[in-house]
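# Observations on chain architecture
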Amino acid sequence: MTHEKSVAIIGAGIFGLSLANALRDRNYEVSVFDRSQYDENGYDPTADDVQAASADHNKIFRASYGNEIHYQHLALESRKAWVSEDENRGFSSGNIDDKRLFVNSGMLRVQPTDHLATLEKETLANMQRDGIRDTQFVESDTADCERAERLGWKHKLLHFKIPDSPEKSYEAVLDTLAGFLRCSNACDHYRQVAVTKGVKFHLGAEAGAVESLVKVASRVEANKQKVSGLKTKDGAIHNADIVVVAAGSFSTQILPDLSYHLESSAGSLATFKIDKSDTELWEKYSPERFPVMTWKSTPRDTSGKDTGSIYVLPRTPEGLVKIGYRGIKWTNFQPAPQGAPFAQNGQWSVPLPLKESSILPEPALHAVKQFVSIFMPDFENTPFHSTKLCWYTDSLDNSFVIDHVPTYAENSVFVCTGGSGHGAKFLPILGQHAADILEKGDKSTSFMRPFWRWRPDAPRRNGLEEGPGGPRDISHA
Ligand SMILES: Cc1cc2nc3c(=O)[nH]c(=O)nc-3n(C[C@H](O)[C@H](O)[C@H](O)COP(=O)(O)OP(=O)(O)OC[C@H]3O[C@@H](n4cnc5c(N)ncnc54)[C@H](O)[C@@H]3O)c2cc1C
């Protein structure tokens, strides 16, 4: 049975895919448009036509969210779905370095000093409250270490000396709920699931690239326009009852109404490549032996900002060890189009073109090298295999933006975006919450509804207040 309403989704990244699957489960007629030829490149992050946060070898899965307990709950819901999806695909056991989408490698949260930081204490308190404190292991806690030994996790409680105070070690917490997703593989899988369910994909630089939304006067709401469909680069018009903008860091360019709510900024990624013949390093950095590691080189400042945040993931089956620096998320200010509802000095931050996104600014390189020298000295003199800027879709408060856009009549435009650096882990279930919101608006029973609503009154913060010339502006880096 097909629902009477048709939905056209712009973007086949995590947000678009997840929503497409969930809406199809509710019998909507769903088509998805993406300018990348994902049916041919399988979300290969190195393909020439791919620029998407979701197209990446791996992303961190964590349920540790400080005092944002709603995201902790959402992450735990998603974890169950990842595990059961892998089980359904026949990958529940055996070698960890297999084709699983979710790998429970554990994650070591290394603290800035030899003490637990405030955020860490909040996380542990919330885990206690949810009855899952026993999944966390504090390095300096003897009882936790004994428990880790009994449960076979002790080898991932790695110890690191603090440079300049070698008598001290960094405090660290091993989170055994956490691990990573094989992100591109997961997108490829969920795209194929969607195809099987009957979602139609329009992909590629002509048939899949959306040039504009088609707007007409509403016959129902006076003085308002509704969106009746979209136009692709090949000139074709595709009509739909609801158009969803899920184009990640490109969303504001498709729908400038998002300009107040979102900003594109870049995270810095660098990889080393281990050759399989180097059996010692191959084993040492394998997901069986090496956890995801995160480190804040400095505590959060008084305004809650991180400036020293950095992480590394275990090596991939191809031998890649990826380090990500998010201490400074770089902005790229360019002239905003005439009529954009919000701009700073006439500018807004948008992604750099793909071919200009492979050089890391000096402070990012410095931070990565410092991290390597303390935590991964094996690579201290090894050149990077690759470097890349990967574009975030930052929101004003790090929560996603998933709602109808009130500017347009008849609920004809819905946005599903604002991943803010933590959306990948929710791929299996994000769309179910989003579909409920799309269908029921304020009557949605999703516990995420209040956090994801259209929020024009949210104060401009989270770095989005800085504007051109600010401390993160890549043209000054
Ligand atoms: C550096 C970095 C590290 C991250 N780390 C983590 C992590 O460890 N854990 C985690 O859970 N999350 C992480 N995230 C967040 C996560 O990757 C994002 O939340 C998620 O991938 C966003 O998905 P999306 O679908 O909104 O956007 P995207 O993945 O960017 O997809 C948008 C899609 O829209 C398409 N598109 C754009 N414009 C058009 C157009 N005009 N016409 C047609 N198609 C178009 C693009 O081709 C793309 O496929 C990270 C993000 C970044 C940038």
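Going by an unreviewed UniProt entry, the protein chain carries the name FAD dependent oxidoreductase domain-containing protein and comes from Penicillium brevicompactum. The Sequence similarities (unreviewed entry) comment attached to the protein chain in UniProt states, word for word, "Belongs to the MSOX/MTOX family." Taken directly from UniProt, the Cofactor (unreviewed entry) text for the protein chain runs: "FAD".

## Some thoughts on the site of the ligand
In the region of the ligand, 39 residues are neighbours, and Gly13, Gly248, Gly267, Gly419 and Gly423 sit closest. Elements that contribute at least two residues to the shell around the ligand include exactly helix H1 (14-25), strand S2 (29-34), strand S3 (59-61), strand S16 (262-273) and strand S22 (386-395). Top contributing element to the shell around the ligand by residue count: S22, with 4 residues. A breakdown of the residues in the shell around the ligand according to their chemical character gives 19 nonpolar, 16 polar and 4 charged.

## Quick look at helix H10 (residues 427-440)
With 14 residues, H10 ought to run about 20 Å at 1.5 Å a step, and its terminal C-alpha atoms sit 21 Å apart, in line with that. Listed in full, the buried residues belonging to H10 are Leu427, Pro428, Leu430, Gly431, His433, Ala434, Ala435, Ile437 and Leu438. Looking at the packing, one finds that the buried side of H10 touches H1, helix H3 (69-88), helix H6 (183-197), strand S23 (401-404), strand S24 (413-417) and helix H11 (449-452). Just downstream of H10, Gly441 is the residue with a positive phi angle, here 55°.

## Some details on the packing of H1 against H10
The contact between H1 and H10 brings their axes to 7 Å, and the two run at 60°. For the crossing formed where H1 meets H10, the hand is right-handed. Contacts between H1 and H10 pair Ile14, Phe15, Ser18, Leu19, Asn21, Ala22 and Leu23 from the former with Leu427, Leu430, Gly431, Gln432, Ala434 and Ala435 from the latter. Of the residues contributing to the contact of H1 with H10, the split by class is 9 nonpolar, 4 polar and no charged.

## As for the sheet that holds strand S12 (residues 210-217)
Ordered in space as S12-S13-S14, the 3 strands form an open sheet in which the pairing is antiparallel. The two strands at the open ends of the sheet, each matched to only one other strand, are S12 and strand S14 (237-239). Between one strand axis and the next, the sheet turns through 35° on average, direction left out of account. Pairing between S12 and strand S13 (residues 225-232): 7 bridges, direction antiparallel.

## Here we look at the environment of Ser36
Of note, Ser36 is situated in the loop between S2 and helix H2 (38-41). When the C-alpha atoms of Ser36 and Gln51 are compared, they prove to be 8.0 Å apart, with 15 residues separating the residues in sequence. Residues in contact with Ser36, not counting those within four places in the same chain, are Asn41, Asp49, Val50, Ala52 and Leu203.

## Quick word on the sheet that holds S22
Sheet strands line up and pair through hydrogen bonds in the backbone, either parallel or antiparallel. Here 8 strands make up an open sheet; going across it, the order is S6-S9-S5-S17-S18-S19-S16-S22 and the pairing mixed. Edge positions in the sheet fall to strand S6 (136-138) and S22, since each has one partner strand and no second. Across the sheet, the mean angle from the axis of one strand to that of its neighbour is 20°, orientation sign disregarded. With 4 bridges joining them, strand S5 (residues 107-110) and strand S9 (residues 172-175) adopt antiparallel strand pairing. Among the inter-strand pairings, Met107 is bridged to a residue of S9, identified as Asp175. Here helix H5 (residues 142-151) sits on the sheet and contacts S6 and S9; the angle it forms with S6, its principal contact strand, is near 130°.

## Some words on the environment of Arg147
Position of Arg147 relative to the elements: it lies in helix H5. Classification of Arg147 as partly exposed rests on a count of 14 C-beta atoms within 10 Å. Taking C-alpha positions, Arg147 is 28 Å from Asp86, a pair spaced 61 residues apart along the chain.

## Observations regarding unusual backbone geometry
In this model, Tyr43 sits at a positive phi of 65°, which is unusual for a non-glycine residue. Among the secondary structure elements, Tyr43 is positioned in the loop between H2 and S3. In this model, Asn462 sits at a positive phi of 65°, which is unusual for a non-glycine residue. Structurally, Asn462 is set in the segment after H11.

## Some points on the nonpolar core
If you look at the biggest cluster of nonpolar residues, it comprises 121 residues, and the most contacted ones within it are Ile9, Ile10, Leu19 and Val244. When residues of this core are assigned to their parent elements, the largest contribution, 7 residues, is made by H1. Those residues in contact with Val244 that sit more than four places away from it in its chain are Val7, Ala8, Ile9, Ile10, Leu19, Phe414 and Cys416.

## Points about H6
Taking 1.5 Å per residue, 15 residues should reach 21 Å; H6 reaches 21 Å between its end C-alpha atoms and fits that length. Burial in H6 covers these residues: Cys183, Ser184, Ala186, Cys187, Asp188, His189, Tyr190, Arg191 and Ala194. At the C-terminal side of H6, Gly198 shows a positive phi close to 110°.

## Details of the environment of Thr113
Among the secondary structure elements, Thr113 is positioned in the loop between S5 and helix H4 (118-129). Separated by 85 residues in sequence, Thr113 and Tyr28 have C-alpha atoms that sit 52 Å apart.

## Observations concerning the pairing of S2
Where a strand is regular, its side chains alternate between the two sheet faces. The sheet contact formed by strand S1 (residues 6-10) and S2 spans 5 bridges and is parallel. For Ser6, the partnering residue across the bridge sits in S2 and is Glu29. Chirality of the crossover, the property in question, places the unit of S1, H1 and S2 among those that are right-handed. For S2 and strand S11 (residues 200-203), the ladder comprises 4 bridges, and the chain directions are parallel. Of the residues in S11, the one forming a bridge with Val32 is Phe201.

Conventions and cut-offs
- Residues numbered from 1 in each chain as written.
- Predicted model: local features only at pLDDT ≥ 70, side-chain atom pairs only at ≥ 80, totals over all residues.
- UniProt positions renumbered as here; feature names shortened; annotations may be inferred.
- Near = placed C-beta within 6 Å.
- Helix = DSSP H or I, 4+ residues; strand = E, 2+ residues; numbered from the N terminus.
- Nonpolar A, V, L, I, M, F, W, Y, C, P; charged D, E, K, R; others polar.
- Expected span 1.5 Å × (residues − 1).
- Buried ≥ 20, exposed ≤ 12 C-beta atoms within 10 Å, placed from the backbone.
- Contact = placed C-beta atoms within 7 Å.
- Axes fitted to C-alpha atoms, helices over the stretch in contact; angles between N-to-C directions.
- Left-handed = near helix turned anticlockwise from the far one by under 90°.
- Pairing = 2+ DSSP bridges.
- Core = buried A, V, L, I, M, F, W, Y, C linked by C-beta atoms within 7 Å.
- Right-handed = clockwise from strand over helix to strand, strands pointing away.

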